[in-house]
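Summary of structural features
Listed below, chain by chain, are the residues.
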Amino acid sequence: MESFVTMQSCKRYVLLVILFSFVRNTLTSATHYSIPEEMKEGSVVANLATDLSLDVKTLNQRKMRLDIIANKKYLDVNKETGELYVVEKIDRENICNTKSSASCYLRLEVTLENPLRIFNIEVEILDMNDNAPQFRRDAIHLDISEATSKGERFSLSNAVDPDVGINSVKTYHLSESEHFNIEVQTGRDGSKSAELILTKTLDREQHAVHNLILTAVDGGTPARSGTASVIVHVLDTNDNAPTFDKLNYNLKIMENSPIGSLVVHLNATDLDEGSNSDITYSYSLYTSEKTQETFNLNPSSGEITVKGMLNYEDFRIYDMEVIATDKGVSALSGQCTIKILVEDMNDNHPEISIKSFQSPVNENIELDTVIAVVSVSDKDSGDNGVVDLHIPDNMPFKLRESSDNYYELVVSQPLDREKVPEYDITFTVTDRGSPPLSDNETMTLELLDVNDNVPQFPQSFYTIRVMENNAPGALLSSLTAFDPDLHENQYLVYFILEKEIVNTSMSMLFSINPENGNLYALKTFDYEIESEFLFHIEARDSGSPPLSTNVTVHIIIVDQNDNAPVIVSPWRAHGSVVEEKIPRSTDKGSLVSKVIALDTDSVHNSRITYQFLQVTDATLFSLDQYNGEIRTMRMFSYRDPRHQRMVVVAKDNGEPALSATVTIKLSTVETAVKAYSDMTEVPLEYDIFSDLNLYLVIGLGSVSFLLLITILVTIVLKCQKPKPSKAAPPCRNSVISERNSTIADSTLVSNDAYWYSLFLAETRKGKMVVRQPVPKGSRYIVSSIPRGTGLTDTSGSAASTLQVRVQYTQLLDVNDNVPQFPQSFYTIRVMENNAPGALISSLTAFDPDLHENQYLVYFILEKEIANTSMSMLFSINPENGNLYALKTFDYEIENEFLFHIEARDSGSPPLSSNVTAHIIIVDQNDNAPIIVSPWRAHGSVVEEKIPRSTDKGSLVSKVIALDTDSVHNSRITYQFLQVTDATLFSLDQYNGEIRTMRMFSYRDSRHQRLVVVAKDNGEPALSATVTIKLSTVETAVKSYSDMTEVPLEYDIFSDLNLYLVIGLGSVSFLLLITILVTIVLKCQKPKPSKAAPPCRNSVISERNSTIADSTLVSNDAYWYSLFLAETRKGKMVVRQPVPKGSRYIVSSIPRGTGLTDTSGSAASTLQIVKQSDSSVLLNLYYENGSPC
């Protein structure tokens, strides 16, 4: 029954009271509706489209939206019908929780764009009688003295009904009683309260407690009611009630007053004495719970203090009633009314709401164009609620007030995307309070570009490290440029700019993929022969006219440990055994021999250490692992054998390490004379093939071999004879435009990339595909030679002509393009010791889609290295792709990182792509060299001893230093910092060897002091020093050293050496003459032929490879290694044997031949057939039958 009444009531209340006045100013008019609360979800309130005179069909296009101010979204608009309907059931008591006003409104804003219009709508929520009155307490206890006179009144707790108007509490009823009656009172706010009236004197002895029922009834239909028990306790006589100084208090307090602040100190007096005059203060039941939660009343002192937070915007007036009760046997009470007014403070920040924002816009947007619409508001009152809006002064925009608290952002100055690609516009709103408060909102405005940018490489200089002994055709790097333009203006094609090194073209060494910039090696490199290359690569876009840029590429060949050490000292004349002699009286620590090995690999791989592999007596000799010095550890004894055998291994620092060994057979002699006789024979035997002789023999053999190869190649080239072929090859289609560009076998052979970006010829299917929009009115000629057509000397050309005409069709965008990075692989170099937070690079992707489909967000794909996440080392800006370093890197600890970065668009569904980032830590010269030899046991001074009879050129010592920096910074040079006698010693600046420049004389000091500095190659250079204290001693070793050195001085230019030098010079002269003759023969020009002009040849194989103008355009290096087309001389050179039965086609366009719409094709065909006898037949035909 109740639901039926409610439905009837709803139907009765759905009377739409539309107070609608259409005014052109969109922000000053309002539309009013009235609806009852508790309407069902989906109930229609009104048709906004009809009421606002709007076209229902345009609601979706104008992006109609409904904003509810400061409330939940109870209502919404059906954009298909324009109807305003209920989304969630509305409870008026939740929306308007105060009863200060009888009306309750929902304020709405309806916004439409194109053009922008805003409608204000007020929906009044009408109250229904859906709440019954309720008392705060179920039982009301009253203590009444028996001496109370008739007619005395007592305040009762009033009932609360959330409903308003007639549906609120209307009256009260009291159960039947002969002593009490009630009187209904009306408050200032219209609320009803009941007072209990004593109608008959009480007699405690007859009736001590009176139980009454108080009923509150509202005025709704049907009426609702609530009850409470009134329990009256009759007390003994206490005939004086407490009284306050004032009956009414009006107080003011500032909002946000601190908790504990004193509001008022109440004072009540009681004329009684004793316990009947002790007063206790308390709130009356009339005081609301909100007031009691906000203010604290001290029951003993009567002080009222702040208990909760005061907020002017939430609650402005607090009414309370305080009761003072004595402690008599029959307590009496007095009461007073207090009204507290909360004063406003500027404690609310102003708010900004962006109603409309247009982004992106073209950079050539007109002045005074509206970019955004912004509204501002402040919850404070008075000057605290007055707000001002402004933007930064250094921007080409200005604000224009359109209506109350609404502003338009318009363009005030011309925009230029190349100077500023986007603007972060900060709207700042400030109120006029004291102190003023403010808020801000930042919006990003993006500018669209025009074609005015050349392609850009991420780096101006590429350094690419290639490991030697690489496989031919291996991918070296991807040199991808980026063009910030859009569509066809950003499609790039890559070329290697030709540069010859020692008569070798760069295209013979390297090849680049014209589409993606992948760089390949066409041969195997050897670090010991060629260690670096320097050339340029050009990237050209497909705009009209095309723009281009180039970048320098530095190829560094990285060494592998492919060369074993070579023992150069002691010199070995007879096999691998070296015989040495030493006096048996040699002291401890004397130098016996020194092993020196050389390694042709790079610095790291060529660091050599020495160690004994075998030794007769390990207690007799020691070997320094760094300088290879063999010294005695003790003096010889009579028990030691006369012959000692030592095998020393020299091992390099490569991975895996390579080594060489030398066997030293050491003999001890008793006297210096014996040593003299032994040693004088040795040089005569060993110097027959000294090191110089060996090098001369090797040089003579190498030059002779080159001479033989040159002669054989010349003979082979001159003996090749072409054989005619009557059969014509199958033909392939080519597209020739008025710009003389050709597309053949899906590969473009042209001087620019314009036609490659325009067409794609699928010649095997007889189709031509248009890859992008063609300029309107353009005209292209397709010349084709049908497959299977045989051309003979007399047959005419079978070329056909196809005319292509172009029309435009505009397409709408969908999210069908994934974001694209300019490079598939980023190599970023970061200098070590960088500052944390430094910008490393900007990895910006591009999405050719439009609007939200091109808005990109960037992420780092997580990867852990040594339990360290990449996000702990690097950070990327999700909006613009800027990559930052979060820590300082050290090259000696960590020198590279590899991880992935993802770019994701905002389409539906979103598309994404990722790119690999290779972070290379670049070394700084932050480590000084360390002296490792000679070893320093006591401080920095090294003591060495040398015989005073040492000859000129003898090795005194060798300084070796190591540097932990990279190769360039660790290159060490040595020089004297101090020397006692500069004429006595020399220092090799590269290997650190200290040798005598002359023999010692009696005038030379016995003690020599040498200070050697080892300096690295860094900038600035770092260094380390070592001090060598050299002492000369008198020993019998003089005769030994004299005899061993004499033959080395006199045998440098022996008769054998002279003959070798003469032979080497003669063979070199013959080689030079042969090369010159070959060049002269090759450069002879044939007599001009009137039958046909000189031709340019191009070779097209069945593998879709083309050789044109001595340059191969192919996906691999196979055909380039097979043929070399010397088109300027009209020749085709076969560089290596051709696979048996292979068949190749050479298409040629004669120089100077103009192709018009009516002229025939001048193409020629060359057929190469591999016969069984391994001879190659090259037949060249014009299409008109005349040979080329």
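Here's a quick rundown of the structure.

The rules behind these values
Once a new chain begins, its residue numbering starts again from 1 and follows that chain's sequence as written. Per-residue local features are limited, in this predicted model, to residues with pLDDT of at least 70; the limit for side-chain atom pairs, both in listing and counting, is 80 or more; totals at the level of whole chains, interfaces and linings are taken over all residues. For the side-chain quantities, the full set of heavy atoms in the structure was used; hydrogens and water were omitted. Helix and strand definitions here come from DSSP, where helices need a minimum of 4 consecutive H or I residues and strands a minimum of 2 consecutive E residues; each element is numbered from the N-terminal end. Any residue under 20% of the maximum accessible area for its type is buried, any over 50% is exposed, and the rest in between are partly exposed; the area is computed with a 1.4 Å probe on protein chains only. Strand pairing is assigned whenever DSSP identifies at least 2 bridges connecting the two strands. A fitted line through C-alpha atoms represents every axis, and for helices the fit uses only the stretch in contact; the resulting angles, taken between N-to-C directions, go from 0 to 180 degrees. The salt bridge criterion pairs a side-chain nitrogen of Lys or Arg with a carboxyl oxygen of Asp or Glu, the two atoms within 4 Å. Two N or O atoms count as a polar contact when they lie within 3.5 Å, although within protein this holds only if one can serve as hydrogen donor and the other as acceptor, and sequence-adjacent residues are included solely when both atoms are side-chain atoms. Residues enter patches when their relative accessible area tops 30% and they take part in no salt bridge; the joining distance is 9 Å for like charges and 5 Å for the nonpolar side chains Val, Leu, Ile, Met, Phe, Trp and Tyr. For the accessible areas, the method is Shrake-Rupley and the probe is 1.4 Å, while residue cover comes only from the protein chains on display. The definition of a nonpolar core used throughout is a set of buried Ala, Val, Leu, Ile, Met, Phe, Trp, Tyr and Cys residues joined through side-chain atoms within 4.5 Å. We call two residues contacting when some pair of their heavy atoms lies within 4.5 Å.

1. Overview of the overall build of the chain
Each helix and strand counted, the chain has 11 helices and 84 strands in total. The proportion of buried residues among the 1188 residues of the chain is 43%.

2. Description of the pairing of strand β24 (residues 317-326)
Of all 10 residues in β24, seven are buried; the element is thus mostly enclosed. The pairing of strand β21 (residues 279-283) with β24 spans five bridges and is classified as antiparallel. Looking across to β24, one finds that threonine 280 is bridged to threonine 325. Sheet topology places β24 next to strand β25 (residues 333-343); nine bridges connect them, and they run antiparallel. Paired with alanine 324 across the strands is glycine 334, a residue of β25. The hairpin turn running from β24 into β25, its antiparallel successor, is six residues long.

3. Quick look at the sheet that holds strand β31 (residues 406-411)
Here four strands make up an open sheet; going across it, the order is β26-β28-β31-β30 and the pairing antiparallel. Strand pairing shows two members of the sheet lacking a second neighbour, β26 (351-357) and β30 (397-403), which therefore form its edges. The average undirected angle you get between the axes of adjacent strands in this sheet is 30°. As judged from the five bridges shared by strand β28 (residues 370-377) and β31, these two strands associate in the antiparallel manner. Each residue of the ladder has a partner; that of valine 374, found in β31, is tyrosine 407.

4. Observations regarding the pattern of salt bridges
Applying the stated criterion across every chain yields a total of 22 salt bridges. The partner of glutamate 183 in a salt bridge is arginine 153, with the nearest N and O atoms 2.6 Å apart. Of this pair, glutamate 183 sits in strand β13 (residues 180-186) while arginine 153 sits in strand β10 (residues 153-155), and the two are 30 residues apart along the sequence. Classification of glutamate 183 by relative accessible area gives partly exposed; the value is 29%. Look at arginine 153 and you get partly exposed, because its relative accessible area is 39%. Between glutamate 408 and arginine 400 there is a salt bridge whose closest N-O contact spans 3.1 Å.

5. Points about the side chain of serine 542
Following the sequence through the fold, serine 542 ends up in the loop between β41 (532-541) and β42 (548-558). A distance of 2.9 Å separates a polar side-chain atom of serine 542 from the backbone oxygen of tyrosine 491.

6. Looking at a nonpolar patch on the surface
Side chains of Phe705, Leu706, Leu708, Ile709, Ile711, Leu712, Val713, Ile715 and Leu717 sit close together on the surface and give an oily, nonpolar patch of about 780 Å² of accessible area. Structurally, isoleucine 709 is set in helix α7 (residues 691-719).

7. Examining the nonpolar core
Counting 28 residues, the largest nonpolar core has Leu48, Leu75 and Val123 as the members making the most contacts within it. Of all elements in the fold, only β1 (30-36), β2 (44-47), β3 (65-68), β4 (75-77), β5 (83-86), β6 (105-112) and β7 (117-126) reach the threshold of two or more residues within this core. If sequence neighbours within four positions are ignored, valine 123 has contacts with Tyr33, Ile35, Leu75, Cys104, Tyr105, Leu106 and Leu108.

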